[in-house]
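Report on the structure
Read off the chains here:
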Amino acid sequence: MTTLPTTETSSTRLTMGEIAWFFFPLLLNVQMMSISHSLINAALARMADAVAALAAFSVAMVLHIFVASPSYQNHIITIAMVHGRKSFRATACFILLTSTLIAALLALLAFTPFGSFVLERLLGVAPPVAAAARTALAIMVPLPFVTGLRGFCQGLVSQTRRTGLISFATGVRIVALFLLLWLGYGWFDGPRLGSFALVGCVAVETVVISFCAWRIYRIPEQEAAERDLAGVMGFAFPLVYSSGLQQAVPLLINAIISRLPDGTLAPASFGIIRIFIFLLASPMRNLQQAYVALARQVDDYRIMARFATRVSLFLALLTLAVAGPLSSLVLGTLMGLGPAMSNDIVWPLAACAGYPWLIGASHLLRGWFAETQLTTVVGRATLYKVLLLLACWPLIVLLQPPVSGTVVAIVLLVAAEAAETWYLHHRRSGLLPGIIAGEAARPV
């Protein structure tokens, strides 16, 4: 088990400046990625059959995100595992294997009757929209190999602490996206244009970050503690299924609130709130990556927790501003929401002010468990979170609480994240004394 040294010396203590230089380029990266998805939707909205194109591409993206979620931890796995040539090859093989399985499942959805069954029978998508979504998925089949290489190279670059290069590659991706949307406009129709532009711009981003990794990364000397493919799989599997379960959380919440009296308005309002959550809280997820890459001693956790609290406080104030004095401008003028939906969103959105802190706390803890290579605890925490939502489902539907479905959705979202954070904190508190004692007893 990998543990952190406890010796505190001023020359090795992590500083707020180091964290900021690593973290804020990743924060910018999240915002630029959201911009790229918005650009694709804006392009599709200008097509002849815009509604059908947007619906089909949205369905295709939901399925792709869910199916591809196991690969979302590739950069974390790379940072934690690659310590020499043996682990370099093993990690690369694991990512290739994962990408192959994801691509095979996407092909199954795109090219076989199984895709029609999932879209039309399970998800209730109209047949024309389902058919168009499958054509979009067909173009996305090679994407797991591209994103797999991207995640691997991002992990290598993160080991060198040059995260600005990751943001630079995403910036190039946005420029390429404009060009690809322009080039593909006459060649692809509807959702296929969105898929073509997405795959193309991510491929450009991957080429850039791969070149950066090749230029700046040097494989370390062989280490005795390196893991082979089986060891990497044992470390990564809990992170992989945890990532998949995380994608099930909004699906479960939508399934619950759609069965309440305002089952039409509530999912729409919750979807709008999730957009703001993505913009204002998702950057805190990068704390997991930051901890694995930066932590050198036990006390670094406390320093990073202070940093997370300061950033989350700023994001909480932004959330309250959007829900309060800026609500008319942002919700009404910029987003074009009607008074009914705006009023339904304001108070639940304000209640999400503490959500960035929860996301930061849970992902900092995830980083701690990944660094100490106790990833089974992370997987178990996410499983318990999903089981909590499943337990709440029949109770809420049976009791029909006298509040809007949007309020129910936010209560479930925050409660589930708080429960996962508490569990991780509780397990860390129990394990930390033993880890510190083991390090103290180790000969220097």
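Please read all numbers here as calculations on a predicted model, not as lab measurements.

On to helix α10 (residues 229-257). Taking 1.5 Å of rise per residue, 29 residues should cover 42 Å, and α10 covers 42 Å from first to last C-alpha, within 8% of that figure. By the largest-angle criterion, A236 marks the main kink of α10, which is about 40°, and a proline, P238, follows within four residues.

What follows covers helix α16 (residues 355-371). With 17 residues, α16 ought to run about 24 Å at 1.5 Å a step, and its terminal C-alpha atoms sit 24 Å apart, in line with that. In terms of residue burial, α16 counts as a mostly covered element, since 16 of its 17 residues are buried. Two residues or fewer past α16, Q373 is found with a positive phi of approximately 60°.

Glancing now at the nonpolar core. Counting residues in each nonpolar core, the largest one holds 95 residues, and the members touching the most others are I77, F235, I253, I257, M284 and M304. Among residues more than four places away in sequence, those in contact with I257 are G263, A266, P267, F270, G405, V408 and A409.

A few words now on the side chain of S71. Within the secondary structure, S71 is located in the loop between α2 (50-68) and α3 (74-81). Among the polar contacts listed, one links the side chain of S71 to the backbone oxygen of A68, at a separation of 2.7 Å. Beyond its immediate stretch of four places on either side in the chain, S71 contacts I102 and T147.

We now examine the packing of aromatic side chains. In the structure shown here, the tally under the stated rule is 10 aromatic pairs. Measuring from centroid to centroid gives 5.2 Å for Y384 and Y423, while their planes differ by 90°, and the two rings are edge-to-face. One end of the pair, Y384, is in helix α17 (residues 375-399); the other, Y423, is in helix α18 (residues 405-441), with 39 residues separating them in the sequence. You can call Y423 buried: its relative accessible area is 13%. Residue placement shows R428 over the ring face of Y301; its charged tip is 3.7 Å from the ring centre.

Definitions and cut-offs
Residues numbered from 1 in each chain as written. Predicted model: local features only at pLDDT ≥ 70, side-chain atom pairs only at ≥ 80, totals over all residues. Heavy atoms only, no water. Helix = DSSP H or I, 4+ residues; strand = E, 2+ residues; numbered from the N terminus. Expected span 1.5 Å × (residues − 1). Bend = angle between axes of the 7 residues up to and from the residue. Buried < 20%, exposed > 50% of the residue type's maximum accessible area, 1.4 Å probe, protein only. Core = buried A, V, L, I, M, F, W, Y, C linked by side-chain atoms within 4.5 Å. Contact = heavy atoms within 4.5 Å. Polar contact = N/O pair within 3.5 Å; in protein donor to acceptor, adjacent residues only side chain to side chain. Phe/Tyr/Trp six-rings, centres within 6.5 Å; stacked < 30°, edge-to-face > 60°. Lys NZ or Arg CZ within 6 Å of the ring centre and 35° of its normal.

So far we have only geometry, and geometry alone does not tell us how the molecule works.
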